[in-house]
Amino acid sequence: MTTRTAIEAYGLTKRYGDVTALDGLDLVVPEGTVLGLLGPNGAGKTTAVSILTTLLEPDAGEAKVAGADLRTSPELVRERIGLSGQYAAVDEVLTARENLHMIGRLYHLGRARSKQRAVELLERFDLTEAADRPVKGFSGGMRRRIDLAGALVAEPPVLFLDEPTTGLDPRSRIELWGVIRELVSGGSTLLLTTQYLEEADQLADDIVVIDRGKAIANGTADQLKAELGGERVELSVVDAADLPAAREVLARYASGGVEGGEGSRALLVPVEHGIDSLSRVIDGMREAQISLSDIGLRRPTLDDVFLTLTGHGTQSESNDQEVNA
Amino acid sequence: MSSLVTTFNDIAVVAHRNVIKITRVPEVLVFVLLSPIMFVLLFAYVFGNSIDIQGTSYREFLIAGIFAQTVMFGATFTGAGIAEDMQKGIIDRFRSLPMSRSAVLAGRTLSDVVYNILSIIIMSITGLLVGWRIRGSVIDAIAGFALLLLFAYAISWVMAYVALLVPSVEVINNASFMVIFPLTFVANTFVPAESLPGPLRAFAEWNPVSAVTQAARELFGNIPTGTPEPTAWPLQNPVIYTVGWSIAIVAVFAPLAINRYAKKAKG
């Protein structure tokens, strides 16, 4: 199987005064795959998307998108991409149909084809009933759908979705995931940014974790989880007085420090040998006569991954003073 | 498609979108309809009796001035529209599309011609009701309207550029009044230029707003026989002077604005 790359970027850098928004980011996305660009607010995700969609010029670095060079032929890039941003980039006064029609005309699809695409997309995104109402009255989920439809008007080979579900309620989010999955099964290449770890896990083939403008890890969701300390044993003791003893037992089989205990009866410890480690821990606890109310093997979530990688969790405000610390 | 054809296509698409918006935002329609009516009535009845124009009625003299003033003020609409577009999410869509870089601005200035045609129609009707008459030929009158629209189009480009310099929609109105008020009032729009004191008179005589007003008055036949010939060259040749200014303004401000837009688009 030959794989061609739909997006390749090397050393993308963008500074705003003293703040480095992107610090030499490299990205490679093979055709027909989904790359999840994952990071907290202010990590540089939107800057990266803006550069790759020609909205922003990088201070340094080069990139090719859908075979066209970003610097030398941005017009060609624009012909071959679709973009859907964090907020709906449609005209609120126009109706859904008028918006799609206008976008089609601006992709130079011609009058008839633009009309036809608008009808197809309204149908596909379940907006037929609302087609002739101004977008102003749409719900958040409908706005995202019309915006996403806008990105698909010209059936571009490469799609950029910048935080497509931010601000949506859980039900609309899951609906939109369905739409995105369907879209990708049609063979488009997709670069998706998100701050939701679950979203990247659900949708992306590969994930690049980005923090403070740099890629700090990449791989499939499973690879990332495996790379970062693998599995953990989690247990709860019946009697809080057993905690110190339980810690001692755990420490024997652990591949890292024991967490938890303060204020709870639960302990968490990274292990190297999965089930094997788990059964040894159970045996050890039995020998030490510690009774457990619960024990299990837990694979790390992407939240854990993020915490381990950045040391500051996903909620930390990106404090710019710390950038070069 | 050749690039020139696609450019015209893009401009037409953006202009069409703006025209749809004019018809759909009631505030805008009210502004289009009411403000010219208000100006005609205000000047005709408030100042009409206190300003004396030799050989004609003030209302007759006034209407061309009101036309010029209204299309000048209409240009703030261009500025506000562009400033608003730049703030809204739609601009990111436009920038990511393979459309001509000049289309957002050229489409806006084009759609504002439609806006100006609407307000000129309304003003003409109001003018006819208060006693204004076209006393020249139909062709001359059409030329007069065309000249007003041409000049308005040029001023639209100035405001398009100004809109790209200011940070927000709120600022654009103040910024444009700073430009438009002196240009509109230090002119022969409401009083004859000759009646102004020294330096103001010189400014008024060379002010293109005076020339377009003078040209419209002549073409509508609103200058009675026996009125003394103006002494300043621009007012003696108001049509050429207006056309010259209009071309010069577009030639300077269209590239400035388009450049500025492209730069802003690059963050």
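Residues numbered from 1 in each chain as written. Chains lettered and ligands numbered in written order. Predicted model: local features only at pLDDT ≥ 70, side-chain atom pairs only at ≥ 80, totals over all residues. Heavy atoms only, no water.

**A look at the overall build of chain B**
Then comes step 1: Secondary structure summary: chain B contains 11 helices and zero strands in total.
Then comes step 2: Starting at the N terminus and ending at the C terminus, chain B contains elements arranged as α-α-α-α-α-α-α-α-α-α-α.
Then comes step 3: In terms of C-alpha radius of gyration, chain B reaches 19 Å, essentially the compact-globule figure of 18 Å for 267 residues.
Then comes step 4: Along the first, second and third principal axes, the C-alpha set of chain B runs to 60 × 35 × 35 Å.
Then comes step 5: Scored against the burial criterion, the 267 residues of chain B give a buried share of 55%.
Then comes step 6: Taking the intrachain contacts of chain B between residues at least 6 apart in sequence as the baseline, contacts between residues at least 24 apart amount to 80%.
Then comes step 7: For chain B, the accessible area works out to roughly 11,300 Å², and carbon and sulfur atoms hold 71% of it.
Then comes step 8: Where the 17 positive side-chain charges of chain B centre and where its 14 negative ones centre are 11 Å apart. (Helix = DSSP H or I, 4+ residues; strand = E, 2+ residues; numbered from the N terminus. Rg over C-alpha atoms; globule rule 2.2 N^0.38 Å. Buried < 20%, exposed > 50% of the residue type's maximum accessible area, 1.4 Å probe, protein only. Contact = heavy atoms within 4.5 Å. Areas by Shrake-Rupley, 256 points an atom, 1.4 Å probe, with all protein chains shown as cover. Lys, Arg positive; Asp, Glu negative; His and termini not counted. Charge placed at Lys NZ, Arg CZ, Asp CG, Glu CD.)

**Side note on the domain arrangement of chain A**
Then comes step 1: Under the domain assignment, chain A is made up of domain 1 (5-222) and domain 2 (229-299).
Then comes step 2: Averaged C-alpha coordinates put domain 1 of chain A and domain 2 of chain A at centres separated by 44 Å. (Domains from an automatic or database assignment.)

**Quick notes on the confidence of the model for chain A**
Then comes step 1: Summarising the model, chain A shows a mean pLDDT of 85, and 91% of its residues fall at 70 or more.
Then comes step 2: For chain A, helix α11 (residues 302-310) of chain A is the element with the lowest average pLDDT, namely 70, and helix α3 (residues 96-106) of chain A is the one with the highest, namely 96. (pLDDT = per-residue confidence, 0-100.)

**Some remarks on the sheet that holds strand β6 (residues 81-84) of chain A**
All names here are of chain A.
Then comes step 1: Read across the open sheet, the six strands follow the order β6-β7-β8-β3-β9-β10; overall the sheet is mixed. This sheet does not close on itself; its edge strands, each paired only once, are β6 and β10 (214-219). Going from strand to strand, the sheet's axes swing by 15 degrees on average, the running direction of each strand aside.
Then comes step 2: Most of the contacts of helix α5 (residues 140-152) go to β6, to which it runs at about 170 degrees, and overall it touches β6 and β7 (158-162). (Pairing = 2+ DSSP bridges. Axes fitted to C-alpha atoms, helices over the stretch in contact; angles between N-to-C directions.)

**A closer look at the environment of A:L127**
Residues and elements named next belong to chain A.
Then comes step 1: Residue placement: L127 occurs in the loop between α4 (111-124) and α5.
Then comes step 2: For L127, a relative accessible area of 2% gives the class buried.
Then comes step 3: For L127, the contacting residues outside a window of four places in its chain are L122, F138, M142, R145 and I146.

**Concerning the pairing of strand β13 (residues 266-270) of chain A**
Residues and elements named next belong to chain A.
Then comes step 1: Of all five residues in β13, four are buried; the element is thus mostly enclosed.
Then comes step 2: Here strand β11 (residues 232-237) runs beside β13; their pairing, made up of five bridges, is antiparallel. In the strand pairing of β13, S236 is matched with A266.
Then comes step 3: Examined bridge by bridge, strand β12 (residues 259-260) and β13 share two bridges and lie antiparallel to one another. If you follow E259 over to β13, its bridge partner there is L268.
Then comes step 4: Between β12 and β13, which pair antiparallel in sequence order, lie five residues; one of them, G261, sits at a positive phi of approximately 100 degrees.

**Some words on the sheet that holds strand β4 (residues 60-65) of chain A**
All names here are of chain A.
Then comes step 1: Strand order in the open sheet formed by four strands is β2-β1-β4-β5, with antiparallel pairing between adjacent strands. Only two strands of the sheet have a single neighbouring strand rather than two, namely β2 (19-30) and β5 (68-69).
Then comes step 2: Of the pairings in the sheet, the one linking β4 to β5 comprises two bridges and is antiparallel in character. From the neighbouring strand, V65 faces β5, where its bridge partner is A68.

**Regarding a nonpolar patch on the surface**
Then comes step 1: Taken together, the side chains of B:M38, B:L42, B:V46 and B:F47 define a hydrophobic patch exposed on the protein surface, amounting to about 340 Å² of accessible area.
Then comes step 2: The topology assignment puts B:V46 in helix α2 (residues 26-47). (Patch = residues over 30% accessible without salt bridge, like charges linked within 9 Å, V, L, I, M, F, W, Y side chains within 5 Å. Salt bridge = Lys/Arg side-chain N within 4 Å of Asp/Glu carboxyl O.)

**Regarding the environment of A:R113**
Residue and element names in this part refer to chain A.
Then comes step 1: Among the secondary structure elements, R113 is positioned in helix α4.
Then comes step 2: Separated by 174 residues in the primary sequence, R113 and E287 have C-alpha atoms spaced 75 Å apart.
Then comes step 3: If sequence neighbours within four positions are ignored, R113 has contacts with E120 and E155.
Then comes step 4: Within the structure, the side chain of R113 is placed 2.9 Å from the side chain of E155, a separation counted as a polar contact. (Polar contact = N/O pair within 3.5 Å; in protein donor to acceptor, adjacent residues only side chain to side chain.)

**Digging into the pattern of salt bridges**
Where charged atoms of side chains with opposite charge meet at close range, the side chains can pair.
Then comes step 1: Applying the stated criterion across every chain yields a total of 23 salt bridges over all chains.
Then comes step 2: We note a salt bridge from A:E31 to A:R4, for which the minimum N-O separation is 3.7 Å. Pair noted here: A:E31 is in the loop between β2 and β3 (34-38) and A:R4 is in the segment before β1 (5-16), with a separation of 27 residues, a long-range link.
Then comes step 3: Assessed through its relative accessible area of 42%, A:E31 is described here as partly exposed.
Then comes step 4: Measuring nitrogen to oxygen at the nearest pair gives 2.6 Å for the salt bridge that ties A:R143 to A:E92. Placement of the pair is A:R143 in helix α5 and A:E92 in the loop between β6 and α3, with a sequence separation of 51 residues.
Then comes step 5: Among the charged side chains, a network of salt bridges with common partners joins A:D91, B:R17, B:K21, B:D85 and B:R108.

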